[in-house]
Amino acid sequence: EQANIGVVGLAAMGASLARNLAHHGNTVAVFNRHYSRTETLMDEHGSEGSFIPSKTVEEFVHSLAKPRTAIIMVQAGAPTDAVINELADVMEKGDIIVDAGNAYFKDTIRREKEIRARGLHFVGCGVSGGEEGALLGPSMMPGGTDESWKTLGPILKSIAAVAEGEPCVTHIGTDGAGHFVKMVHNGIEYADMQVIAESYDLMRRGLGMAPKEIADVFAEWNKGDLNSYLIEITSQVLSHVDEKTGKPFIDIVTDQAGMKGTGTWTVQTALSLATPVTGIGEAVFARGLSSEAGLRKEAQEKVLQGPDPTEFLSRIANDAEAKKAFIEDIREALYASKIVAYAQGFTEIEAGAKEYDWTIDLGAVARIWRGGCIIRAKFLNRISDAYGSGESFGSLLFDPFFKKAVENAQGSWRRVVSTAAEAGVPVPVFSSSLAYYDGLRSKRLPAALIQGQRDLFGAHTYGRVDEPGAFHTLWAGDQKEIKA
Ligand code: NDP
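What counts and what doesn't
- Residues numbered from 1 in each chain as written.
- Predicted model: local features only at pLDDT ≥ 70, side-chain atom pairs only at ≥ 80, totals over all residues.
- Heavy atoms only, no water.
- UniProt positions renumbered as here; feature names shortened; annotations may be inferred.
- Helix = DSSP H or I, 4+ residues; strand = E, 2+ residues; numbered from the N terminus.
- Buried < 20%, exposed > 50% of the residue type's maximum accessible area, 1.4 Å probe, protein only.
- Contact = heavy atoms within 4.5 Å.
- pLDDT = per-residue confidence, 0-100.
- Pairing = 2+ DSSP bridges.
- Right-handed = clockwise from strand over helix to strand, strands pointing away.

With an unreviewed UniProt entry as reference, the protein is termed 6-phosphogluconate dehydrogenase, decarboxylating, source organism Bifidobacterium fermentum. In its Pathway (unreviewed entry) section, UniProt records this for the protein: "Carbohydrate degradation; pentose phosphate pathway; D-ribulose 5-phosphate from D-glucose 6-phosphate (oxidative stage): step 3/3." Of the protein, the UniProt comment under Sequence similarities (unreviewed entry) reads exactly: "Belongs to the 6-phosphogluconate dehydrogenase family."

The structure is reproduced here in structure tokens:
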């Protein structure tokens, strides 16, 4: 018997994916550089389905039915390149190599070119949902040729998460499109986590609420528009009590956020595409600031002056009605900022598609994010409806549903941002998202002044509102305007 699919790399992610594949009736060839991992998988889970273990790459490739399809799940970077080449050396024309690791999309574009030149198909597949997702159903974002999708599509559909009866996988586009979309997914995840964190901070340091009380607020929010995996786990984290000290878990965790780089890629890419993803950018920078241990320590020592949030907000905190109203304001601010973050993320996908010549169905992207991945949320149904309606619009903020939602939220949103500023609670994503919204809706922006400055100091020229063309004023001379 031959396998219809193979998995190379049997650490946490690869082993889970291989088991998921086997659970769904696939015959799975498995290979790992060190055989011990293969042995462990076979010993512990070999009876869960049909596996064909191999000790060498040659053996592995030959255990696959044609067109051979192998999913690589190894460390990103050089190890991935090494494994791709080992496979390509043994594989034959028409075979399919899938990289399901967290690759940078430009690496995927490069690898696809190289592998295509060797007559094979290369698919860069973003996978979200962590180890549990890989085992029970991830959200997957494959990029590759239509031909490879014919073979791979049914296999990936068999193991994907299911949301509203649909598998959370779609053919995103060619070469790096899948990893690009996965990258933006992670960027949105950063923003989504940060707006939740800002809400928590306002309730905790602002209103002086206990973690358990805040957990209950999030649990309540999870029943409405904000229903999502991230809100759900937030409530869980805030309810958790530290075993060792009996204190709320949140209070014994160091307040320095880590990151592995996909958020940074999202922002770097957005910068090079000149697409403002301010919410995602502020979320990445907020993690960066939290980790500036030295600077933060010095700021404490030098006592940078400012209001005490709890003291400032004590009037609201001590008035049950006002407190309830402010918590509702925070919920609205979170919702509006979240809409802006998604709007920006989808705009980046559109900009990427244009730059790299991909045709990406944004409605389909929203649909496959409804299950299996970290940002799964009820809200994504609305986004898929918005993009699914077929009408072309520039931003999610123009879709009637979201336009109305932000309009309804904006009074609260503005109150929260101004109150937070006065109270001294940093809300970088709330406030930058609001600035983005106000920037978009401004009829005239001070960019006119910037153009004037640029022309004065650097003769960079400017356009006129009343005449086409580029102009320059002879600032150092007779102040006359010339056509540039
Ligand atoms: P690791 O990233 O820890 O990688 C370990 C695996 O890579 C092992 O199978 C190891 O083999 C193999 N490997 C490392 N170097 C080489 C090499 N030079 N040649 C051959 N094999 C090599 O494993 P994970 O399971 O955590 O992650 C796998 C991939 O999935 C990564 O790209 C990671 O970024 C991504 N990932 C995705 C997540 C998601 O939610 N989508 C979550 C976590 C990871 P050996 O056993 O022989 O050392």
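The discussion continues.
Chemist: If you had to explain the environment of V123 to someone new, which residues and values would you point to?
Modeler: Inspection of the secondary structure assignment puts V123 in strand β6 (residues 121-128). For V123, a relative accessible area of 2% corresponds to the buried category. A C-alpha to C-alpha distance of 10.0 Å links V123 and A70, two positions 53 residues apart in sequence. In this structure V123 touches I96, I97, V98, D99, P142, G143, G144, S148 and L152, once residues within four positions along its chain are discounted.

Chemist: Describe the confidence of the model for the protein, listing the residues and the values that go with them.
Modeler: Confidence along the protein averages 97 in pLDDT terms, with 99% of residues attaining 70 or more. Across the interface, the model reports ipTM at 0.97; the global pTM reads 0.96.

Chemist: Lay out unusual backbone geometry with the relevant residues and their values.
Modeler: Cis peptide bonds are those with omega within 30 degrees of zero, and the linkage from K66 to P67 qualifies with -10 degrees. Within the fold, P67 resides in the loop between α3 (57-62) and β4 (69-72). Of note, the phi angle at V303 is positive, near 50 degrees, even though the residue is not glycine. Here V303 lies in the loop between α14 (293-302) and α15 (309-312).

Chemist: Quick one: what's the story with the pairing of strand β5 (residues 96-99), residue by residue and with numbers?
Modeler: Neither face of β5 is left uncovered, since the one carrying I96 and V98 and the one carrying I97 and D99 both have all their residues buried. Bridge count between β4 and β5: four bridges; the pairing is parallel. Residue pairing for β5: A70 is matched across the bridge by I97. Crossover handedness for the path β4 to helix α4 (residues 78-90) to β5: right-handed. Here β5 pairs with β6 via four bridges, running parallel. Opposite V98, over in β6, you have V123 as the bridge partner. At this point the chain moves from β5, through helix α5 (residues 105-117), to the parallel β6, and the crossover so formed is right-handed.

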